[in-house]
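So you can see what is in the structure, the chains are spelled out below.
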Amino acid sequence: MTPILEVRALSKQFRSGGLLHPSRLHAVDDVTFALRPGRITALAGESGSGKSTVARMLLRLIAPSSGEVLFEGRNVAGDRRRRDVLRYRKHVQMIFQDPFGSLNPAKTVRAHLERPLRIHGIVGRRDARASVDTLLETVGLVPAATVADKYPHELSGGQRQRVAIARALAANPKVVIADEPISMLDVSIRIGILNLMRDLKELEIAFLYVTHDLASARYVADDILVMYAGQIVEQGPVDEVLASPLHPYTRLLIASVPDGERTLEPIEIRKGTAAAAVDPAPGCRFVDRCPLAIDVCRRETPELVEAEPGRIARCHVTAPRQREDHLHAQPAA
Amino acid sequence: MSQLQPALELAPPPVVSKSRLPIPGWLELLLRNPKSRVGLAMVGFMIFVAVVAPLISVSDPTGFDLYAARQAPSWHHLFGTTDQGSDIFSQVVLGARRSLLLGAAAGALATVLAATLGILAAYSGGIVDEVINFLTNVFLVIPVIPLLVVISSYLKSRNMGTMILVLALTLWAFEARILRGQALQLKNRDFVMAAKVAGESTWRIVFGEIMPNMISRIAAAFVLVFYVSLLVDAGLEFLGLGDSTHVSWGMTLYWAQTNSAVLQGEWWPFVFPGIALVITVLGLTLILAGIDEVSNPRLRDEVRVRRHLLRSLVFPSRRAA
Amino acid sequence: MTLAFSVTPDASAERRTPVVELENLVVDYVTRTQTTRAVDGVSLSIGAGEIVGLAGESGCGKSTLGNAVMQILRAPAQVTSGRVLFDGENVLGRRREELRRFRWRTVSMVFQSAMNALNPVMRTGDQFVDMIRAHERVSKHEALGRAGDLLELVGIDRRRLRAYPHELSGGMRQRVVIAMALALRPELVIMDEPTTALDVVVQREILQQIRELQTELGFAVLFITHDLSLLLELAHRIAIMYAGEIVEEAPAARLRDEPRHPYTVGLLSSFPPLHGPVERLAGIPGSPPDLAAPPPGCRFHPRCPHCTRDDAALYARQVGERPLLRVVGEGHRVACHRETP
């Protein structure tokens, strides 16, 4: 299946430090992945890992420092003309984390949903009303006519998030990026939103589900990307990655998630942070916290290696270069 | 009834317009707040006076009538007469028209300038922000009163239009800075980013997304410029820099001063225009305070607590809530 | 490096002396226009050295309950009736001076956002000193020494006393707040969502720390959170709150294996599993009720899958009568009409 949205070697650096000691924060470093229609891909990581920055680059809210963003095969990172940008925006939509903040308090639900319809010329003014009602029904907000005239403060958190989803769907996008869409909702409401996302796969939309919650990622997603300090450290089908993780950080993450089913086991946690580094030195960024670290981990930054078919990880120990070379029967460099 | 669809239970709406009149929600909030209620009443009264002024002013405010000069208030001349014999009552009620019109127009113009430029600067950032900031700073640095004095002395025509323009140009910068600050906060809210992601153009975001959420601050800006313009205009006229053919509160005060009314023991040429000014400015200030309280919920709670404490002091028998 | 001791939650309901007992606590939010009952007759007892989890969603009253025990309710909230007994004595209605001594010595509190508790313009050490000297007559030097000891207790280098809060990471700040809460060796520490704002790995660290400290120092914990899966690992006993009432209370393992209240069942099925088969979960339809106008009878009945008109007698009770907490097992209480014949 051809990917609808692809990023290659996407990177973003922010200037930090002062005039005398300028430094660069490597927020996103060499990120490559592809989104395919009808599949949900989870982008998992802790705060500062770069996942939100990746999302914002995909939405053209932040400009990448380097790398390509390929939409339908064409690199759109350099697009400037309004026509091109508008077409991209029509097809790449977003659902935000804060169900209240993402809706304009001064506008009704109907006003929110009509704007994308009008901007992208989906329907004329006369048909807009019916389209709005259909959208609301798709996301489970019934009776549509009543809900459409409400203001955001008159709705509950779960309902607001459904409105946000409806707004994202209004322009018939091909890609929807959801940035922690359930983390601010009540626990019993979250499943409803996750189920809705699963059902929307039928529309052949490619979803990117940005989250820090592995359990919900497993529930909705088909594939998972794990980010640490701005880099992707592991990639693969979600069940396989969570059942037998390759990268030590993924293992740490999985062990840290509260899972009522297990009894409390002691786990060793070394100090460190998943946040991106300023002027990172060469070598693996997880080395100070890694129980498997060997010499080379401090000297050389590991690359993404396909250790098994479909399973990619960035680790000298669990996904060494030789394994991939062996896989492709090429002489070692 | 067992399973409920997620949608059927909706949270209760907070403030529903209780009156059956079709007044907008914000106006109703202002009417509820005691401070702005009084303020609106005072300003409303002045507006009413200004509107009916031609009907109630019995004599020509600039008319000569030496027989009736310097008369204390009487049934014939409610507010007394000037040294020329002009009826002060007529001067005050007709002067209300000029003052209110000038204040409102200057307020509107300054607010439009401040809001548009402020929000645009905040949202666009970059070079647009820098240019607008520079402009704002230039205008801020200019001292208002001296500039107005200088302009008024030099201008040939000191008609109302010029005055409005000059006042607006000197007062917009202050508000622009404040509105830019608030817009900066709003610009980072998710719904603004959502509009951008949806493909909205910059102007639609400025006027359609950000501005509607700043109504109270913009209204406050308008009221502020309104009463500052009033006072500045009256002040300039009092100093003698106004157009002497005008009928306005400031001019009445000016003539009173130049004709040594106080020395003669004549209080009426001062007091009545003064009261008119005070009522209007005080009313506007109260509206401003009301807007503040309404838009800042924390202030609302503090006021409520204070009022409650006062009440329980006066009526100790009432059980504290 | 932090190693945790593996201490499994007590399966047996050990008889402990209660540190605090809440008796029919009622807390109202009183405004000029209406009165909202946030906590409606809650009775709960916490034994010495016990970790009691209080789980519920937003608006269920759990934070209000915590604030009421700590006596830090702010207007318009007030305790309308009920008692909070510490060692048999009711602390409600005590005068300010007594309250001051009661707070922090007997019971202390850890809030969700450490930045709410820490003064951003004061060094960490100074904040400790302030707090210690507010309660005990010690010299500044001695107070600083104790502050250093407390920091080491929570696994932070004592040199960090000189740091400002913003110089510490989120996890460290939360640990500082926990250290402060333990400074006077209270009998009970109330923790209100202490790890919600933290990353998953840091959260695990903090929880292991809390467990360690609790075992070592023997204080009781009232752990308030919406994350039930967390409590299932950490707490000895769990109470589930809904719309201002406790609807179920049981030892943690029992709650996980034999939940009786439909809301508990629904909550448990709202956490997607990390391992095992992935089935479609149902969650709980609808949303929590408006406490200003709660549903008549059982407050959960509009969302309950077992509230149908099939059994007319049962239905009548569900919509008309409020269910009371009844004992259904060892240390297990449920408030549900289906539990009574």
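Here the structure is a predicted model, which means the values were calculated and not measured. (Residues numbered from 1 in each chain as written. Chains lettered and ligands numbered in written order. Predicted model: local features only at pLDDT ≥ 70, side-chain atom pairs only at ≥ 80, totals over all residues. Heavy atoms only, no water.)

S.K.: Help me out: how do you make sense of the pattern of salt bridges in this one?
M.R.: Working definition: two side chains of opposite charge can pair if their charged atoms are close together. All names here are of chain C. By the definition in use, this model includes 41 salt bridges over all chains. Ionic pairing is found between Glu 258 and Arg 254, a salt bridge with its closest N-O pair at 3.6 Å. Assessed through its relative accessible area of 38%, Glu 258 is described here as partly exposed. The structure contains a network of salt bridges with shared partners spanning Asp 40, Glu 245, Arg 299 and Arg 322. (Salt bridge = Lys/Arg side-chain N within 4 Å of Asp/Glu carboxyl O. Buried < 20%, exposed > 50% of the residue type's maximum accessible area, 1.4 Å probe, protein only.)

S.K.: Looking at this structure, how should I read the interface of chain C and chain A?
M.R.: Interface size is commonly expressed as the accessible surface area that is lost when the partners come together. Listed by partner, the interface residues are 47 residues for chain C and 40 residues for chain A. Roughly 3,900 Å² of surface becomes buried between chain C and chain A when both sides are summed, with 56% attributable to carbon and sulfur atoms. The interface formed by chain C and chain A includes one salt bridge. The salt bridge involving Arg280(C) is made with Asp199(A); its shortest N-O contact spans 3.2 Å. Our count for the contact surface shared by chain C and chain A stands at 14 residue pairs in polar contact (both at pLDDT 80 or more). Looking at the side of chain C that touches chain A, the elements with two or more residues in it are helix H7 (200-217) and helix H8 (228-234) of chain C. When residues in the side of chain C that touches chain A are grouped by element, the largest group, eight residues, is from H7(C). (Contact = heavy atoms within 4.5 Å. Buried area = accessible area lost by both parts, 1.4 Å probe. Polar contact = N/O pair within 3.5 Å; in protein donor to acceptor, adjacent residues only side chain to side chain. Helix = DSSP H or I, 4+ residues; strand = E, 2+ residues; numbered from the N terminus.)

S.K.: I would appreciate a short explanation of H7(C) in the present structure.
M.R.: Think of an α-helix as turning once every 3.6 residues; residues three or four places apart then point the same way. Residue and element names in this part refer to chain C. With 18 residues, H7 extends 25 Å between its outermost C-alpha atoms, agreeing within 8% with the 26 Å of an ideal straight helix rising 1.5 Å per residue. Within H7, 14 of the 18 residues are buried, which leaves it mostly tucked inside the rest of the structure. Just beyond H7, the residue with positive phi is Gly 218, at close to 75 degrees. (Expected span 1.5 Å × (residues − 1).)

S.K.: Got a minute to help me understand the interface of chain A and chain B in this structure?
M.R.: Listed per partner, the contact involves 33 residues of chain A and 25 residues of chain B. Between the two partners, chain A and chain B, sit two salt bridges. Measuring nitrogen to oxygen at the nearest pair gives 2.7 Å for the salt bridge that ties Glu200(B) to Arg115(A). For the pair chain A and chain B, the interface holds nine residue pairs in polar contact (both at pLDDT 80 or more). Among the secondary structure elements, those contributing two or more residues to the side of chain A that touches chain B are helix H2 (82-91), strand E6 (92-95), helix H3 (109-119) and helix H6 (157-170) of chain A. Taken together, the residues of the side of chain A that touches chain B break down into 14 nonpolar, nine polar and ten charged. (Nonpolar A, V, L, I, M, F, W, Y, C, P; charged D, E, K, R; others polar.)

S.K.: Can you walk me through the environment of Pro294(C) in this structure?
M.R.: Mapped onto the elements of the fold, Pro294(C) is located in the loop between helix H10 (262-268) and helix H11 (312-320). As a C-alpha pair, Pro294(C) and Gln112(C) span 182 residues in sequence and 28 Å in three-dimensional space.

S.K.: Teacher, can you tell me more about the packing of aromatic side chains here?
M.R.: Any aromatic ring pair is given by two values, namely how distant the centres are and how the planes are angled relative to each other. With the rule as written, the count across this model stands at 15 aromatic pairs over all chains. Taken together, a centroid distance of 5.1 Å and an interplanar angle of 90 degrees make the contact between Tyr228(A) and Phe286(A) edge-to-face. With Tyr228(A) in strand E9 (residues 223-228) and Phe286(A) in the loop between helix H10 (248-256) and helix H11 (295-299), this pair connects stretches of sequence that are 58 residues apart. Take Tyr228(A) and Phe286(A): they sit in the same class, and that class is buried. Ring geometry for Trp267(B) versus Trp268(B): centroids 5.8 Å apart, planes at 85 degrees, classification edge-to-face. A relative accessible area of 43% places Trp267(B) in the partly exposed class. Classification of Trp268(B) as buried rests on a relative accessible area of 6%. (Phe/Tyr/Trp six-rings, centres within 6.5 Å; stacked < 30°, edge-to-face > 60°.)

S.K.: Just to check I follow, could you spell out the sheet that holds strand E8 (residues 206-211) of chain A for this structure?
M.R.: The strands making up a sheet associate through backbone hydrogen bonding, with each pair oriented either parallel or antiparallel. All names here are of chain A. The sheet built from eight strands is open, its strands ordered E6-E7-E8-E3-E9-E10-E12-E11 with mixed pairing. The open sheet has two edge strands with one neighbour each: E6 and strand E11 (305-308). Across the sheet, the axes of successive neighbouring strands diverge by a mean angle of 20 degrees, strand direction being ignored. Here strand E7 (residues 175-179) runs beside E8; their pairing, made up of five bridges, is parallel. Residue pairing in the sheet places Ile 177 in a bridge with Leu 208 of E8. This element, H2, spans E6 and E7 of the sheet and lies at about 50 degrees to E6. (Pairing = 2+ DSSP bridges. Axes fitted to C-alpha atoms, helices over the stretch in contact; angles between N-to-C directions.)

S.K.: Mind showing me how you'd approach the environment of Arg190(A) here?
M.R.: Counting through the fold element by element, Arg190(A) comes out in helix H7 (residues 187-200). Owing to a relative accessible area of 17%, Arg190(A) belongs among the buried residues under this scheme. Sequence separation of Arg190(A) and Arg81(A) is 109 residues, and the distance between their C-alpha atoms is 39 Å. Among residues more than four places away in sequence, those in contact with Arg190(A) are Ile182(A), Ser183(A), Leu185(A) and His226(C). Engagement of the side chain of Arg190(A) in a polar contact is seen with the backbone oxygen of Ile182(A), the distance being 3.2 Å.

S.K.: I keep staring at the pairing of strand E1 (residues 5-16) of chain A and nothing clicks. Help me out?
M.R.: Looking down a regular strand, the side chains alternate between one sheet face and the other. Residue and element names in this part refer to chain A. With five bridges joining them, E1 and strand E4 (residues 66-71) adopt antiparallel strand pairing. The residue of E4 that forms the bridge with Leu 5 is Phe 71. Hairpin geometry of E1 and strand E2 (residues 23-35) is characterised by an intervening segment of six residues between the two adjacent antiparallel strands and by a positive phi of about 75 degrees at Gly 17.

S.K.: Looking at this structure, how should I read the side chain of Ser86(B)?
M.R.: Residue and element names in this part refer to chain B. Along the polypeptide, Ser 86 turns up in the loop between helix H2 (34-56) and helix H3 (88-124). Judged by its relative accessible area of 5%, Ser 86 falls in the buried class. Sequence-distant contacts of Ser 86, that is, excluding residues within four places in its chain, are made with Pro 61, Thr 62, Gly 63, Gly 80, Thr 81 and Gln 91.

S.K.: How should the environment of His76(B) be read in this particular structure?
M.R.: Residue and element names in this part refer to chain B. Within the secondary structure, His 76 is located in the loop between H2 and H3. For His 76, a relative accessible area of 63% puts it in the exposed group. With 199 residues separating them in the primary sequence, His 76 and Ile 275 have C-alpha atoms 20 Å apart.

S.K.: Looking at this structure, I do not really get helix H2 (residues 96-105) of chain C. What am I missing?
M.R.: Looking at H2(C), one finds that the buried residues are Leu99(C), Phe102(C) and Trp104(C). Within H2(C), the buried residues cover an arc of 160 degrees as seen down the axis, which keeps them to one side. (Arc of directions from axis to C-beta.)

S.K.: Is there a simple way to think about the pairing of E4(A) in this case?
M.R.: Residues and elements named next belong to chain A. Sheet topology note: the E4/strand E5 (residues 74-75) ladder contains two bridges and is antiparallel. Following the sheet pairing, Phe 71 is matched in E5 by Arg 74. The turn linking E4 back onto E5 is made up of two residues, and Glu 72 within it adopts a positive phi angle of 50 degrees.

S.K.: Whenever I open this one, the sheet that holds strand E2 (residues 35-47) of chain C confuses me. Can you help?
M.R.: Residue and element names in this part refer to chain C. Strands sit in the order E2-E1-E4-E5 across an open sheet of four strands; the sheet is antiparallel. The open sheet terminates on both sides in strands that have one partner only, identified here as E2 and strand E5 (89-90). Seen against the sheet, helix H1 (residues 62-70) touches strand E1 (18-30), E2 and strand E4 (77-86) and runs at an angle of roughly 115 degrees to E1.

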